[in-house]
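What the coordinates show
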Amino acid sequence: MNKEILKDINVLYVEDEDEVREFTSKTISSIVNQVVVAKDGKEGLEKYYENSQLNLILTDINMPRMGGLEMCNIIREKDKEIPIVITSAHSDPNFLKEAIDVKVSSYAMKPIDLYHLIDSMIKAVEPIFLRKRLEKITKNLEDKGGRSNKTN
């Protein structure tokens, strides 16, 4: 799969480091439909509730006020399916275990390698893309089947 599947995706990007947030959001905004940016988990949660069209969460783990994993746990209570990509400079097993418990879709280590990050985003949203494609094919087959039955 290529990055073309990201073009209709709306991303919530949560990062507390100003330079990283600015650079990464600018870069990914060129390949996705929309990037909603937040500075920490608390603001990220507010933005999540304000934007019903989000398809992907991209978040740092360790942030002030509320961390990314805590934010994702709260979001998971409402939406069990939204893909989540975690970014972190920490390889602490406790963070990784908690990320698994939150059912993150992918993980990207800092400093962020943009190619790896984009690949992680693609892998995270691929099931959504494939499900939508299957629904479209199924609907087309049903429409064609319905029409041919009506003409017979």
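Going by the structure above, here's the rest.
Scoring rules and cut-offs
- Residues numbered from 1 in each chain as written.
- Predicted model: local features only at pLDDT ≥ 70, side-chain atom pairs only at ≥ 80, totals over all residues.
- Heavy atoms only, no water.
- Pairing = 2+ DSSP bridges.
- Helix = DSSP H or I, 4+ residues; strand = E, 2+ residues; numbered from the N terminus.
- Axes fitted to C-alpha atoms, helices over the stretch in contact; angles between N-to-C directions.
- Buried < 20%, exposed > 50% of the residue type's maximum accessible area, 1.4 Å probe, protein only.
- Polar contact = N/O pair within 3.5 Å; in protein donor to acceptor, adjacent residues only side chain to side chain.
- Right-handed = clockwise from strand over helix to strand, strands pointing away.
- Phe/Tyr/Trp six-rings, centres within 6.5 Å; stacked < 30°, edge-to-face > 60°.
- Salt bridge = Lys/Arg side-chain N within 4 Å of Asp/Glu carboxyl O.

1. Description of the sheet that holds strand β1 (residues 10-14)
Judged by pairing direction, the sheet is parallel, and its 5 strands sit side by side in the order β2-β1-β3-β4-β5 without closing on themselves. The sheet terminates laterally at β2 (34-38) and β5 (106-109), the two strands that pair on one side only. Neighbour-to-neighbour, the strand axes of this sheet turn through a mean angle of 20°, independent of strand direction. Of the strand pairs in this sheet, strand β3 (residues 56-60) and strand β4 (residues 84-88) are connected by 4 bridges, and their pairing is parallel. Within the sheet, the bridge partner assigned to I57 lies in β4 and is I84.

2. Things to note about helix α2 (residues 41-50)
Where α2 is concerned, the buried positions are G41, E43, G44, L45 and Y48. Taking the backbone nitrogen of K42 as reference, a side-chain oxygen 3.0 Å away marks D40 as the first, capping residue of α2.

3. Some points on the pairing of β3
Counting buried positions along β3 gives 5 out of 5 residues, so the element sits mostly inside the fold. Burial along β3 is two-sided: L56, L58 and D60 and I57 and T59, pointing in opposite directions, are all buried. Across 4 bridges, β1 lies against β3 in parallel orientation. Looking at β3, one finds that V11 is bridged to L56. A crossover links β3 with its parallel partner β4, the connecting element being helix α3 (residues 68-78), and its sense is right-handed.

4. Side note on the packing of aromatic side chains
Here the structure, examined in full by the defined rule, presents 1 aromatic pair. A ring pair is formed by Y48 and Y49, whose centres lie 5.5 Å apart and whose planes are at 70°; its orientation type is edge-to-face. Classification of Y48 as buried rests on a relative accessible area of 7%. Exposure remark for Y49: the relative accessible area of 45% places this residue in the partly exposed category.

5. So, unusual backbone geometry
Residue K110 is joined to P111 through a cis peptide bond whose omega torsion reads 0°. Inspection of the secondary structure assignment puts P111 in the loop between β5 and α5 (114-151). One non-glycine residue, R65, lies in positive phi territory at about 60°. Relative to the assigned elements, R65 resides in the loop between β3 and α3. By relative accessible area, R65 is classed as exposed at 60%.

6. A look at the pattern of salt bridges
Tallied over the entire structure, the rule returns 9 salt bridges. Close ionic contact of K110 with E17 constitutes a salt bridge, the shortest N to O distance being 3.6 Å. Residue K110 is found in the loop between β5 and α5, and its partner E17 is found in the loop between β1 and α1 (18-29); the two are separated by 93 residues along the sequence. With a relative accessible area of 13%, K110 lands in the buried category. Since its relative accessible area comes to 40%, E17 is described here as partly exposed. Here D40 makes a salt bridge to R65, at a shortest N to O gap of 2.8 Å. Of this pair, D40 sits in the loop between β2 and α2 while R65 sits in the loop between β3 and α3, and the two are 25 residues apart along the sequence. By relative accessible area, D40 is classed as buried at 7%. Salt bridges linked by common partners bring E15, E17, D60 and K110 together as one network.

Without other data, these values stay purely geometric and don't point to any function.
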